[in-house]
Amino acid sequence: MLFRSVSQSRYERTEQKDTINFTYKDDNREISYLLLKKNKRILTQKIKLPDGRIMSIEYTEWNKDKINVPKSSVLTIIDKDEVMLINLSNERFELNVPQEINIEIPSDYEKCN
């Protein structure tokens with residue numbers, strides 16, 4: 001369950017045929033997530049602030065790997081009369097790929113007991 005650590009009265013879950021919407025509200029913000037039921041992927045996330053600013057992200061495409069990583073997304077930021085759209089594309093990602101780390105220990109280093 002999302003929002004495990006918050007009061008049950010502050011969050012709302014609504015279900016439609018193919019989606020589940022989770023919304024958390026308090027005096028400082030409203031945060032919502034729209035999930036697709038069949039594969040449990042997030043379709044959109046949205047944050048609304050009391051002063052009217054809104055930030056949302058729509059996941060438009062997912063990588064076809066075993067791990068659910070967005071391939072493309074659209075980030076929308078609304079502040080008063082300004083709207084900013086940012087298209088994000090993740091063509092490649094690496095997960096659990098060992099990397100070499102070079103460590104040099106000084107010769108005068110003293111051992112701890």
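All values derive from a computational prediction rather than experimental measurement. (Residues numbered from 1 in each chain as written. Predicted model: local features only at pLDDT ≥ 70, side-chain atom pairs only at ≥ 80, totals over all residues. Heavy atoms only, no water.)

Participant: Mind showing me how you'd approach a nonpolar patch on the surface here?
Facilitator: Side chains of I101, I103, I105 and Y109 sit close together on the surface and give an oily, nonpolar patch of about 530 Å² of accessible area. Position of I105 among the secondary structure elements: in the segment after β7 (82-89). (Patch = residues over 30% accessible without salt bridge, like charges linked within 9 Å, V, L, I, M, F, W, Y side chains within 5 Å. Areas by Shrake-Rupley, 256 points an atom, 1.4 Å probe, with all protein chains shown as cover. Salt bridge = Lys/Arg side-chain N within 4 Å of Asp/Glu carboxyl O. Helix = DSSP H or I, 4+ residues; strand = E, 2+ residues; numbered from the N terminus.)

Participant: Even after reading the chapter, I still don't get the sheet that holds strand β6 (residues 70-79), so can you show me in this structure?
Facilitator: In a beta sheet, neighbouring strands are held together by backbone hydrogen bonds and run either parallel or antiparallel to one another. In space, the seven strands of this open sheet follow the order β1-β2-β3-β4-β5-β6-β7, with antiparallel pairing throughout. Strands with a single pairing partner mark the edges of an open sheet, and in this sheet they are β1 (11-15) and β7. Shown here is a sheet whose adjacent strand axes are inclined to one another by a mean of 15°, direction ignored. The sheet contact formed by strand β5 (residues 54-62) and β6 spans eight bridges and is antiparallel. (Pairing = 2+ DSSP bridges. Axes fitted to C-alpha atoms, helices over the stretch in contact; angles between N-to-C directions.)

Participant: Help me understand the packing of aromatic side chains, please; the structure alone is not making it clear to me.
Facilitator: Remark: the centre distance and the inter-plane angle together describe each pair of aromatic rings, the angle taken between the planes. For the structure on display, the rule yields one aromatic pair. Ring geometry for Y59 versus W62: centroids 5.5 Å apart, planes at 40°, classification tilted. The residues Y59 and W62 share a single accessibility class, namely buried. (Phe/Tyr/Trp six-rings, centres within 6.5 Å; stacked < 30°, edge-to-face > 60°. Buried < 20%, exposed > 50% of the residue type's maximum accessible area, 1.4 Å probe, protein only.)

Participant: I keep staring at the pairing of strand β4 (residues 41-48) and nothing clicks. Help me out?
Facilitator: The two faces of the sheet receive side chains in turn, since in a regular strand these alternate between them. In this structure, strand β3 (residues 30-36) lies alongside β4, joined through seven bridges in antiparallel fashion. Bridging across to β4, I31 finds its partner in I47. One ladder, built from five bridges, connects β4 with β5; its direction is antiparallel. Directly across from I47, in β5, lies its bridge partner M55.

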